Amino acid sequence: MSTASQATLIRGACPHDCPDTCATVTEVRDGRAVRFSADTAHPITRGWLCAKVGPYLERVYHPDRLRHPLRRVGPKGSDRWERIDWDEAAAEITSRWRAIIAEHGAAAILPYSYSGTLGLLQLSVCNERLWNRMGVSGLDRTICDAAARTAVNATLGARWAPDLRDVRHSKLVILWGHNPASTSPHFVPFLREAQRGGTHVVTIDPRRTLTARSADEHLQPRPATDGALALGLMHVLFAEGLHDEAWLRAHALGWEALRERTAAYPPDRVAAITGVPEETIVQLARRYGTTKPALLKFADGVQRHGNGGQTARALACLPAVVGQIGVRGGGLFYSASGYVTWDAETVGHASECPPTPRVINMNRLGAALTGEVQDPTIMSLYVFCANPVAASPNAGLIVQGLQREDLFTVVHEQFPTDTARYADIVLPATSQLEQVDLHKPYGHRHLQYNHPAIAPLGEAKSNWDVMRFLAAGMGYDEPWLKQEPEEVLAEVLDATRATNPLLDGITLDMLKRDGTVPFRFAPGQDVPFADGHFPTPSGKVELACEAMAAHGLDPLPEYIPPVEFERDGGAGKPTDSRLVLLTGAAHHFVTTSMANQPTLVAKEGTPFVEINPQDAASRGIQPGSDVVVESPRGWCKLRAVVTDDVPVGVAVAPKGRWAKLSPDGRNVNWTTPDALADLAGQSTFHSNLVDVRPAE
Ligand SMILES: Nc1nc2c(c(=O)[nH]1)N[C@H]1C(S)=C(S)[C@@H](COP(=O)(O)OP(=O)(O)OC[C@H]3O[C@@H](n4cnc5c(=O)[nH]c(N)nc54)[C@H](O)[C@@H]3O)O[C@H]1N2
Ligand SMILES: Nc1nc2c(c(=O)[nH]1)N[C@H]1C(S)=C(S)[C@@H](COP(=O)(O)OP(=O)(O)OC[C@H]3O[C@@H](n4cnc5c(=O)[nH]c(N)nc54)[C@H](O)[C@@H]3O)O[C@H]1N2
Ligand code: SF4
Ligand SMILES: [Mo]
């Protein structure tokens, strides 16, 4: 009888790579989670979870959850395993590592992780402590946001974002290369509220996304031409005197040089480059110059091009031209990550460790495993919180590298992913319901504590428990490799609070008790840069930015087409019949996470590629037929969706599909480039020219 068992409610945080970091509530009965829902009191979550995480218990109790360590018994990739226990697993891993270190040095070991969880303990600390102690190769974490992170920090001095509820004060909102209806859903109701009150919403995206459908205006520039579009808007603003000169004089470095630069971007030239009509460019510039407060919100998709750094720079400069920084309802919304940076020393204890011998760009994983990285060659790969075979670029080359007989690969995972398939040892990971963590969102300004709700499934261990276990196996004795989870969190929180007033008075006990705790903004200081000070070297917004020169870029924003695109005199038209393949977020997955949940896979349908009717006709492609999508890196097979949601010359196939769950055993990342962008080693997934043709 149901009355016999007592229900408990456990507070948590959604751990996934999403700006919303929802506050969750798990109902537990007899040790089993029976209901998973949203906190109704959280000011952003407001009682609902997205389509992906709503059915989370399907993920937690999925029959495919890994429950004990496995050792490979067949050839690499054959998916034949024997069950082993944790002691055997640790003994094998540590003895292989000792032998590799003795023969090649610790640099021959590469840990690879990204964003399976965003927790302080299970990701940030686990990215550092054991690896620093071992002195292994570092990973340059560039797959997602490296270019914009660098560009925004250099231009404004920090990644600070407005309270997303303040969009209610905006009169104009420009969503640029950002699809929040799928990727930051809790922003959308606030946006709608503003829109109902008369706010004009513009989306700038080559694809008619879910977000674009309900915008007031949709501009569809050719991919990777956004830098030119932004400079064109500035051209009109300066030419028509719609810039805020008083503000620029007081707060901006290099605005006159920027004005000169924009002289080369008159609307007719920008229209030719971008494909956006001249009148539309002029009208949007006038609207942006005269409608205040105006918010410019961009996210990560738009930077995943060969010229992503300069694009992000141009976008970061725009709000300054119209003096819309430090204004409630205005400004730049890129990321809130910069408000709190966890204290690096307590996260990693690097000062007590050997120096990191080298850093390897994660976008080059396939190349790194197959010869690009030598002296020493990578002899062991340890993957956790990532699924590179399905999520990283040029995946075919990664598979080739993982098949190297002399490579020792360990994968710590919740599921038998495309990457786990190529491991020598697979270790079972806990889910968020089974582990402790503390979360700092990148889309809003509240900390969120995650209590474990249930015991680990089978023999699953959390990342931190595995790190401690392996550290003991390596014979390390440092107390910071043995701490309990809460001790680690308290150590980092206390050290971070000591230098960051936004955490004043926030203790671990308070976080455990309240779950959600907002940052402590001083009165009047919750609007980013409200005091007119910018933490750049000059104290101003750096429109001309010497830091960019140090990265080998023009100190002023500039439009240069990505090298991957052979362009017709810079006019932005491909000179051949290939299509630009964009592979942004799928609505029902977070990259490849969730893409093995039956109800979500069913909602997403057969892996597809959208192409314009004109492109379909000229290639003899029937709607609903199978097509081959091919680049110089490789190919995959997808179902053709013929739609004018995508313009001529562009194809769209969302990221996230598992290769092993796809009919051809591949996904779009068999085609994507592993070339690096103009800034910070950024990935260039979307600078991808592909042939699309009917499958035989
Ligand atoms: N549902 C869902 N949510 C997610 C994720 C997911 O996989 N699924 N992933 C999470 C992660 S890891 C991240 S980084 C964020 C990303 O969040 P977003 O940046 O909002 O998402 P993306 O779909 O990657 O890219 C946004 C848009 O950029 C467009 N785009 C591509 N190239 C260009 C271009 O040259 N110009 C312009 N103007 N637009 C362009 C794409 O068509 C896409 O609609 O979302 C997070 N949230
Ligand atoms: N074509 C294309 N590819 C892309 C992108 C794109 O736009 N286009 N976007 C890129 C972006 S923005 C990003 S951020 C990357 C993300 O790339 P990844 O970080 O590789 O993300 P996921 O594919 O979600 O894989 C995360 C894995 O971590 C596992 N996991 C979750 N929690 C835990 C845990 O607590 N412990 C352990 N050990 N494992 C856990 C999950 O089961 C999942 O398999 O993908 C990139 N891939
Ligand atoms: S994925 Fe994002 S929107 Fe969905 S529950 Fe998690 S934090 Fe909330
Ligand atoms: Mo990302």
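Structure: see above.
Please read these numbers as outputs of a predicted model, since none were measured by experiment. (Residues numbered from 1 in each chain as written. Chains lettered and ligands numbered in written order. Predicted model: local features only at pLDDT ≥ 70, side-chain atom pairs only at ≥ 80, totals over all residues. Heavy atoms only, no water.)

A. Region of the structure containing the pattern of salt bridges. One pass over the structure, following the stated rule, counts 40 salt bridges. Between Arg133 and Glu478 there is a salt bridge whose closest N-O contact spans 2.8 Å. With Arg133 in helix H4 (residues 129-134) and Glu478 in the loop between helix H19 (463-473) and helix H20 (485-497), this residue pair connects regions lying 345 residues apart in the sequence. Of the residues examined, Arg133 reaches a relative accessible area of 23% and is grouped as partly exposed. Note on Glu478: relative accessible area 19%, which makes it buried. Between Glu564 and Arg633 there is a salt bridge, with the nearest N and O atoms lying 3.4 Å from each other. Of this pair, Glu564 sits in the loop between helix H22 (546-550) and strand S22 (579-582) while Arg633 sits in the loop between strand S24 (626-630) and strand S25 (635-642); the two residues are 69 residues apart in sequence, bridging distant segments of the chain. Under the relative-accessibility criterion, Glu564 is labelled partly exposed at 22%. The exposure class of Arg633 is partly exposed, given its relative accessible area of 23%. (Salt bridge = Lys/Arg side-chain N within 4 Å of Asp/Glu carboxyl O. Helix = DSSP H or I, 4+ residues; strand = E, 2+ residues; numbered from the N terminus. Buried < 20%, exposed > 50% of the residue type's maximum accessible area, 1.4 Å probe, protein only.)

B. Representation of the sheet that holds strand S16 (residues 408-413) within the structure. Ordered by their spatial adjacency, six strands build an open sheet running S5-S4-S17-S16-S15-S6, and the pairing between neighbours is mixed. Taken across any chain shown, the strands that pair with only one partner, and hence form the sheet edges, are strand S5 (81-83) and strand S6 (109-113). The mean angle between the axes of side-by-side strands here comes to 20 degrees, regardless of whether they run parallel or antiparallel. Bridge count for S6 against strand S15 (residues 380-384) is five bridges, and the pairing is parallel. Counterpart to Pro111 in the pairing with S15 is Tyr382. Most of the contacts of H19 go to S15, to which it runs at about 150 degrees, and overall it touches S15, S16 and strand S17 (425-428). (Pairing = 2+ DSSP bridges. Axes fitted to C-alpha atoms, helices over the stretch in contact; angles between N-to-C directions. Contact = heavy atoms within 4.5 Å.)

C. Summary view of the environment of Arg657. Relative to the helices and strands, Arg657 resides in the loop between strand S26 (650-652) and strand S27 (689-694). The sequence separation of Arg657 and Pro607 amounts to 50 residues, and the corresponding C-alpha distance is 7.1 Å. Apart from residues no more than four positions distant in its own chain, Arg657 is found in contact with Ala390, Phe589, Val601, Glu604, Gly605, Thr606, Pro607, Phe608, Ser662 and Asn667. Polar contacts involving the side chain of Arg657 include one to the main-chain carbonyl oxygen of Glu604, which spans 3.3 Å. (Polar contact = N/O pair within 3.5 Å; in protein donor to acceptor, adjacent residues only side chain to side chain.)

D. Layout of the pairing of strand S8 (residues 172-176). Most of S8 sits out of view: five of its five residues are buried. A two-sided burial pattern is seen for S8, the buried positions comprising Leu172, Ile174 and Trp176 on one face and Val173 and Leu175 on the other. Of the strand pairs in this sheet, S8 and strand S9 (residues 200-204) are connected by five bridges, and their pairing is parallel. By the bridge assignment for S9, Trp176 is matched with Ile204.

E. Representation of the side chain of Gln195. Tracing the backbone shows Gln195 in helix H7 (residues 188-196). For Gln195, the side chain forms a polar contact with the main-chain oxygen of Ser214, separated by 2.8 Å. Here Gln195 is in contact with Val201, Ser214, Ala215 and Asp216, once residues within four sequence places are set aside.

F. View of the site of ligand 1. As a structural note, the neighbourhood of ligand 1 is formed by 33 residues, with Asp205, Ala224, Asp226, Phe589 and Thr591 the closest of them. Contact between ligand 1 and Gly301: an oxygen atom at 2.9 Å from a main-chain N or O atom of the residue. Across the complex, the protein chains shield 97% of the 900 Å² of accessible surface that ligand 1 would expose by itself. Taken domain by domain, the shell around ligand 1 gets at least three of its residues from each of domain 3 (147-334) and domain 4 (563-694). (Near = heavy atom within 4 Å. Areas by Shrake-Rupley, 256 points an atom, 1.4 Å probe, with all protein chains shown as cover. Domains from an automatic or database assignment.)

G. Representation of the site of ligand 2 within the structure. With respect to spatial proximity, 32 residues lie near ligand 2, and among them Ala391, Glu413, Thr592, Ser593 and Asn669 are the closest. A distance of 3.1 Å is found between an oxygen atom of ligand 2 and a side-chain nitrogen or oxygen belonging to Arg59. Contact distances for ligand 2 include 2.9 Å between a nitrogen atom and a side-chain N or O atom of Asn463. When isolated, ligand 2 has an accessible area of 920 Å², and the protein chains bury 98% of it. Broken down by class, the residue content of the shell around ligand 2 amounts to 10 nonpolar, 17 polar and five charged. (Nonpolar A, V, L, I, M, F, W, Y, C, P; charged D, E, K, R; others polar.)

H. Inspection of the nonpolar core at higher detail. Counting residues in hydrophobic clusters, the biggest one holds 71 residues, and the most contacted among them are Trp97, Trp131, Met134, Trp342, Tyr382, Leu427 and Leu511. Considering each element in turn, this core owes the most residues, six residues, to helix H2 (residues 86-104). When residues no more than four places from it in sequence are discounted, the contact partners of Trp131 are Trp97, Pro111, Cys126, Val136, Tyr382, Phe384 and Met467. Counting residues in hydrophobic clusters, the runner-up holds 63 residues, among them Ala147, Leu296, Cys317 and Tyr334. (Core = buried A, V, L, I, M, F, W, Y, C linked by side-chain atoms within 4.5 Å.)

I. A look at H2. Helix length check: H2, at 19 residues, gives a terminal C-alpha distance of 26 Å against a target of 27 Å (1.5 Å per residue), a fit within 8%. Taken together, the buried positions of H2 are occupied by Trp86, Ala89, Ala90, Ile93, Thr94, Trp97 and Ile100. Buried residues in H2, looked at end-on, bunch into an arc of 125 degrees, giving them a common side. Seen from the buried face of H2, the exposed residues on the opposite side, beyond 90 degrees, are Asp87, Ala102 and Glu103. Next to the buried residues of H2 lie S6, H4, S15, S16, S17 and H19. (Expected span 1.5 Å × (residues − 1). Arc of directions from axis to C-beta.)

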